[in-house]
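# Coordinate inspection notes
Listed below are the residues making up each chain.
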Protein chains: 4
Amino acid sequence: MRVCRRSGDAVVKVKVGVIGGSGYTGLELLRLLLSHPAVEIEAVTSRRHKGKRVDEVNPHLKPFADIEYEDVSVREIARRCDVVFTAVPHGVAMDYVPELLENGVKVIDLSADYRLSCEEYERIYKKRHKDEQFREGLRHAVYGLTELHAEDIADAELVANPGCYPTGAILAVAPLVRARKVKCVVFDAKSGISGGGVEPSQRSHFPNLAENIIPYEVTTHRHTAEIRKELKVSVHFTPHVIPAIRGILTTAHVFLRESISEDEIYEIYRQFYDGKKFIRILNEVPSLQNVRGTNFCDIWFEVERGASVGEGGGVGSRADKVKEEGEVEKNSRVVVISAIDNLVKGGAGQAIQNMNVMFNLREETGLWFPALFP
Amino acid sequence: MRVCRRSGDAVVKVKVGVIGGSGYTGLELLRLLLSHPAVEIEAVTSRRHKGKRVDEVNPHLKPFADIEYEDVSVREIARRCDVVFTAVPHGVAMDYVPELLENGVKVIDLSADYRLSCEEYERIYKKRHKDEQFREGLRHAVYGLTELHAEDIADAELVANPGCYPTGAILAVAPLVRARKVKCVVFDAKSGISGGGVEPSQRSHFPNLAENIIPYEVTTHRHTAEIRKELKVSVHFTPHVIPAIRGILTTAHVFLRESISEDEIYEIYRQFYDGKKFIRILNEVPSLQNVRGTNFCDIWFEVERGASVGEGGGVGSRADKVKEEGEVEKNSRVVVISAIDNLVKGGAGQAIQNMNVMFNLREETGLWFPALFP
Amino acid sequence: MRVCRRSGDAVVKVKVGVIGGSGYTGLELLRLLLSHPAVEIEAVTSRRHKGKRVDEVNPHLKPFADIEYEDVSVREIARRCDVVFTAVPHGVAMDYVPELLENGVKVIDLSADYRLSCEEYERIYKKRHKDEQFREGLRHAVYGLTELHAEDIADAELVANPGCYPTGAILAVAPLVRARKVKCVVFDAKSGISGGGVEPSQRSHFPNLAENIIPYEVTTHRHTAEIRKELKVSVHFTPHVIPAIRGILTTAHVFLRESISEDEIYEIYRQFYDGKKFIRILNEVPSLQNVRGTNFCDIWFEVERGASVGEGGGVGSRADKVKEEGEVEKNSRVVVISAIDNLVKGGAGQAIQNMNVMFNLREETGLWFPALFP
Amino acid sequence: MRVCRRSGDAVVKVKVGVIGGSGYTGLELLRLLLSHPAVEIEAVTSRRHKGKRVDEVNPHLKPFADIEYEDVSVREIARRCDVVFTAVPHGVAMDYVPELLENGVKVIDLSADYRLSCEEYERIYKKRHKDEQFREGLRHAVYGLTELHAEDIADAELVANPGCYPTGAILAVAPLVRARKVKCVVFDAKSGISGGGVEPSQRSHFPNLAENIIPYEVTTHRHTAEIRKELKVSVHFTPHVIPAIRGILTTAHVFLRESISEDEIYEIYRQFYDGKKFIRILNEVPSLQNVRGTNFCDIWFEVERGASVGEGGGVGSRADKVKEEGEVEKNSRVVVISAIDNLVKGGAGQAIQNMNVMFNLREETGLWFPALFP
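Notes on the structure follow. Because the structure is a prediction, the values reported are computed rather than measured. By convention here, each chain's residues receive numbers from 1 onward along its written sequence. Starting at A for chains and at 1 for ligands, labels are handed out in the order in which the entities are written. This being a predicted model, a pLDDT of at least 70 is required before a residue's local features are given, and a value of 80 or more before pairs of side-chain atoms are given or counted; all residues contribute to the totals for chains, interfaces and linings. Side-chain metrics rest on all non-hydrogen atoms present in the structure, leaving aside hydrogens and water.

### Some details on helix α4 (residues 93–102) of chain A
Residues and elements named next belong to chain A. Here α4 lies mainly inside the structure; seven of its ten residues are buried. Within α4 the residues assigned to the buried category are Ala93, Met94, Tyr96, Val97, Pro98, Leu100 and Leu101. By the convention used here, residues are in contact when the closest approach between their heavy atoms is within 4.5 Å. Under the scheme used here, helices are H or I runs from DSSP no shorter than 4 residues and strands are E runs no shorter than 2 residues, and both carry numbers assigned from the N terminus. Where α4 is buried, its residues meet β3 (14–19), α3 (74–80), β6 (83–86), β7 (106–109), α5 (118–125) and β9 (158–160). Think of it in three bands: residues with accessible area under 20% of the maximum for their type are buried, residues over 50% are exposed, and the middle band is partly exposed, with areas taken using a 1.4 Å probe on protein chains only.

So this is what it looks like as structure tokens:
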């Protein structure tokens, strides 16, 4: 039987495979899995580096990753592993997932291929979904935001690991949304460039990003659909790339249905995330330096006290005063800020957190360490 | 007579003084004034550096600033100058401005002391305003956002130069506000750290800012009042410091009163800023690298096409669907992004632009050069 | 008895104290010690934060560091601990070390107080050494460069943990020096700013360091003495601060006594560092990203093939040709480059490595993990 | 007649062309030439952007560069221009230079094609030189380090503009070399990444360069030949890329033939650079922020006072003490540090400085402005 259990002192280790082990997400999976006490890495694939030692190509893993990149069949990977992480671009994962599942392996897919309904996927990613079972509604993936769906994840065969932005955005406001307090959220997200991958691009070109901040897909980013699907409230999402390697800071401008005090909000968050070890509700503004390299999501909020329009001789004429329509009621707006490491909680770390849940390990196994500060 | 006019080939130069010439704003004034063809610098004050040559203390100005820092009386400065820039912290400018004005000198104040009404100033900056004339409504300052108030500036004795954030924020949305299209704006601003001044602080400490982005005064920044006073619509403002030296990128999430097309918006902006040489309406997302060191404000916008709530089994239950209340109508939200150099258009450059207007010079005199790219 | 031993499955943990737990070095000690499987933290001192929880002051350690900062007597610390790390500025450690040792505790001093002979210390640090035993030669400290002095460290009561720069510099060239190949070395070192500490300064002020590189104490840095003491060859050392948080890259320009091939050099290094797990001899140029957060020292070298003077009509006249005197023989110069994390191998990590040796633990205990890449 | 002369108030402008106007060097030429009071830009070529407006492709030049990129014949360019800047990769310039010269145009070549003798070029750049006149010694280029060769430049038809590294390196030590004081120099150079060009690469990929410093071509960089040709002393050169956009800081570790005082050195530099307006001898360590965007070369030096080998029980045994052989005499080593902007003094700015000299304009015309600080 494949499930890993503790039996006395001995641990039956989970046998894992990584499809796509040379990108930032794949490498981060390896970094974390190599230190994971209940895991055995059985296969790492890379077409480009096939036949080379992982730590020859990636000196930072020397001498830990004494493994060879392979380009083997899905069937062979399935034979060796209990669970496979697919760390490949969207549109590619769907080539591997059906066969993996059919061979009895659990799959944690880090691509976007199984995060949305088939219809929405095809509309947003503008390509036909090749997994026929998924098309016909016979294949079901659990959305792997561990703090929200742990029960379903425990029983899942296929987990769709969330996108980096949705992780930071959804965790920031889920308690308020679930408490039916939220009318509308503007997510203004700021990400390190590692989310863009290992391949150099105009955006990652140092002279273009240093001393800059780059907004992109300002109203059209595909992660918006993922956020909306989970939150089911009015959501606006604008991402920016900042001159940093890791981390996403999400500033959630939340319009509330009614006035609410900071104490009430705190209580809502405290209860919602009770027992969730990777959520830290802070007393001060989150900082990427406190989550660097970790699986934590730090959250903080501040209610805006009063938001009256100005007076005097400015741009808008007197007739523009719009208290009736647009004016926000006192205390009916809160800014929630979350900070995550995009490659850990926003990617590889959360995938391993999900694996832990799927294999009945403690959720924080292999992920329980403080940030690299400063 | 003090007004500068071209008479034949000869130019009567404007005699200028800078009170507070050792901070970033003061130094930027000097950098720009030293290359200004119609200006003569007559006095630069600094208590700390009194008696030292400006370019001894600031090697980047060598050998241009062959001037001595002084600590002379306001009366003496007034005697030498046609116009004085006060580049001192808020609360300090009001010590100089009344006497300067009484001695017949024009003043461009780069502090916050004269930007708001006296009442609002005292409420927001939490200190008594010491200028009795201003308290009693006998002293009037023109808000120096040149593109909006050039006519008043031309006749002003006292110009309150705008804050860096308000400059980027107001210019981004003024055309839409003036056209009565705007219900509410969420300004999410990202600034280089030079706005924080020359003195080292925890926020400017490299290990704290590098690889990070720091939100601060998330719902309480004092520039909010300045923005509201000018725009007179519902305004929310959250600033962040990014790991960059110069520049402010402002992401304005604008909720419109009605649906509007991008072509219409473009036309509104084109007309509003017609003839304004420092406003560039771009076809692509603004970049701090295109305004670095310049007085330009680059603007771009994108209408959000449809913003329906998601479906499926997420956090919010079905009952949370709030189309009636919170849902945003198709095309009724636009994101406007502006980019400025905080020390130039957001400070010293705009101050000189105002001086040009006040002394009947062409607005772009001494400010007409491209950005330092890359 | 205090020595830690494995007895069956159970591990008698080493009881450690940290004097000076709020600076970067102290915090890095805590970060690493908190994950160390054979350690129990018994005391952390900080005058400033006395009475506060460590992870309240340092959110990145939440919830790991459920410890209180104390300001207790040396005697009390000694009572609780087997070993104490003194992570305080030079000149301060000597206030604690004698009493700690007299109370039977082992000490690993991360300051400069015991790295040099008393005479040299007083000459270079320009202050009287307060430890009378040390003055009189009755107190002996072992220089804690683990790879070079492991045997002495194993028996030491007092270890003087090396400076960050000397660690990178000495490890880079020790094999060649020991093999008597070296005539002279110019060390040109580039460090992240975290070496400068948690307090903001002009040098750490973001606008001064970003887009810059700052040379300092160009011929007079105090670490030079430490390097010379260990290497005993002609040493020149010039440090620079780069716009990075962590890491030191040392470029060692080595003038050899005789021509030598890269193969020979490789063999010298291989043998010298045989079995040293934290030394990685690379095939490619070292990168700070491969050692970030780790205790590794990556080393690489390249022999300069031929170094003839130029010809033609340049600055130096024909008579300046100096083949006899200054000319370097073919293959008699090698550039060795090393990369370390200044806070780990250059500080807290090496200190723990030394503790492991002193307590008969495997050298890599608690330090065996790959770098945070990218 | 082509030479530009001032005749009364009117200025006959120099007609310039830029071949290769879309790279960083070409764009920097345009930025500077657009503000140059005695220049008219007559042609800018780019194959990729042919037919597009320069400021459409490069928003930072809007609305200054109302010029169209062309892909016209060399003959046509020659017809329009007095002088042409070739800002193309090495190996390409030689395709244009002969025909330009034959058509009576002066050429300032910013590539490496004419900096070395033909033989050395072919050996170092590993390609055949296609300019037959140059091969046969019938074409002569003047090395365009303006401070050293102004007289020859004034009469030159073809100027080989120096490489960025050689500019910073040669200017740092030329006075000492010319005074025959220098035995050997180790240049350890640190450059911003813009020297690598506009195309994204692994080296310019933000996650690889941020928080890092990258040594490359450690003993084999091709600029070494250029430095040696000019200095004619023993030269070692190792370049690094730092996480910065612009600037080169060169640390020159100079071994002197004899002891020399700082006062003597200062006098040597003062005399050598007397009247050279772009050389600033500083009293403090140079900083890239003081030269950003300018044509200045800032220089500073420090004599090492004594450099004795250490004592005690280190790596080298007593027999390794090598006072006789390797030891450096007191005061016989000096570290000289220079700072330039690689794209200005190290490229486009120096090219324009050379143009000014060639056309009998004041050397600083169009280049006389302070740095963008901070």
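### Re the sheet that holds strand β8 (residues 142–143) of chain C
Residue and element names in this part refer to chain C. Here, any two strands with at least 2 DSSP bridges between them count as paired. A sheet is described by the order of its strands in space; here seven strands give the open sequence β5-β4-β3-β6-β7-β9-β8, paired in parallel fashion. At either end of the open sheet lies a strand with only one pairing partner, and these are β5 (69–70) and β8. By the bridge criterion, two bridges tie strand β4 (residues 39–45) to β5 in an arrangement that is parallel. Bridge assignment links valine 44 to a residue of β5, and that residue is tyrosine 69. Only the stretch in contact is used when fitting a helix axis, every axis being a line fitted to C-alpha atoms; angles between N-to-C directions are given from 0 to 180 degrees. Running at roughly 155° to strand β7 (residues 106–109), helix α12 (residues 344–358) makes contact with β3 (14–19), β4, β6 (83–86), β7 and β9 (158–160) of the sheet.

### What about the relation of the copies chain B and chain C?
Fitting of the copies onto one another was done by least squares over C-alpha atoms, counting residues only where both copies have pLDDT of at least 70. With an RMSD of 0.0 Å, the operation that places chain B on chain C is a rotation of 180° combined with a shift of 0.0 Å along the axis. Accordingly, the operation relating the two chain copies is best matched by a two-fold axis. An overlap of 100% is found between the interface residues of chain B and their copies at the interface of chain C, pointing to a shared contact surface.

### So, the packing of helix α1 (residues 24–34) of chain A against helix α12 (residues 344–358) of chain A
All names here are of chain A. Direction vectors running N to C along α1 and α12 enclose 50°, while the axes themselves pass 9 Å from each other. Between α1 and α12, the angle is such that the two are oblique. Taken as a pair, α1 and α12 cross one another with a handedness that is right-handed. Judged by residue contacts, Thr25, Glu28, Leu29, Arg31, Leu32 and Leu33 of α1 engage Val344, Ala348, Gly349, Ala351 and Ile352 from α12. Here the angle decides the label: under 35 degrees means roughly parallel, over 145 means roughly antiparallel, 65 to 115 means roughly perpendicular, and every other value means oblique. If you view the pair so one helix is near and one far, a crossing is left-handed when the near helix is turned anticlockwise from the far one by less than a right angle, and right-handed when it is turned clockwise.

### A word on empty space enclosed by the protein
Grid points spaced at 1 Å over the protein atoms alone were grouped into cavities, where a 1.4 Å probe fits but cannot get out, and pockets, open sets with protein on both sides within 12 Å along at least five of seven lines, with lining residues defined by an atom within 4 Å of a point. Grid points are joined across faces, edges and corners, and a volume is the space filled by probe spheres set on the points. For the structure shown, the criterion picks out three cavities of 30 Å³ or more. For the largest cavity, the calculated volume is near 200 Å³. If you go around the largest cavity, you meet 16 residues; those closest to its centre are A:Pro243, B:Phe206, C:Phe206, C:Pro243 and D:Phe206. Side-chain classes follow a simple rule in which Ala, Val, Leu, Ile, Met, Phe, Trp, Tyr, Cys and Pro form the nonpolar group, Asp, Glu, Lys and Arg form the charged group, and the remainder, Gly included, forms the polar group. Of the residues contributing to the lining of the largest cavity, the split by class is twelve nonpolar, no polar and four charged.

### Overview of the sheet that holds strand β15 (residues 297–303) of chain A
Residues and elements named next belong to chain A. Strand order in this open sheet of seven strands is β11-β12-β10-β13-β16-β15-β14, and the pairing throughout is mixed. Only two strands of the sheet have a single partner each, and these edge strands are β11 (214–215) and β14 (279–281). Relative to strand β16 (residues 333–340), β15 is paired through seven bridges, and the arrangement is antiparallel. Across the sheet, residue tryptophan 300 finds its bridge partner in β16, namely isoleucine 337. Contacts between helix α11 (residues 262–272) and the sheet are confined to β14, β15 and β16, with β15 contributing the most and set at about 160° to the helix.

### Some details on the nonpolar core
The definition of a nonpolar core used throughout is a set of buried Ala, Val, Leu, Ile, Met, Phe, Trp, Tyr and Cys residues joined through side-chain atoms within 4.5 Å. Grouped together as the largest cluster of nonpolar side chains are 107 residues, with contacts concentrated most on A:Leu29, A:Phe85, A:Met355, B:Leu29, B:Phe85 and B:Met355. Sequence-distant contacts of A:Phe85, that is, excluding residues within four places in its chain, are made with A:Val16, A:Gly17, A:Val18, A:Ile19, A:Leu29, A:Leu33, A:Ile108, A:Leu110, A:Ala351, A:Ile352 and A:Met355. In terms of nonpolar packing, the next biggest core, distinct from the first, is built from 106 residues, C:Phe85, D:Val39, D:Ala156 and D:Ile352 among them.

### Things to note about the interface of chain B and chain C
Listed per partner, the contact involves 19 residues of chain B and 19 residues of chain C. Surface buried jointly by chain B and chain C totals about 1,500 Å² across both partners, of which 70% is contributed by carbon and sulfur atoms. What counts as a salt bridge is simple: a side-chain nitrogen of Lys or Arg found within 4 Å of a carboxyl oxygen of Asp or Glu. Inspection of the chain B/chain C interface yields zero salt bridges. Here a polar contact means two N or O atoms within 3.5 Å. Within protein one must be a hydrogen donor candidate and the other an acceptor candidate, and residues neighboring in sequence count only if both atoms are side-chain atoms. Counting across the interface, chain B meets chain C through ten residue pairs in polar contact (both at pLDDT 80 or more). Looking at the side of chain B that touches chain C, its residues break down into eleven nonpolar, six polar and two charged. Here the quantity called buried area is the total loss of accessible area, with a 1.4 Å probe, experienced by two parts when brought into contact, counted for both.

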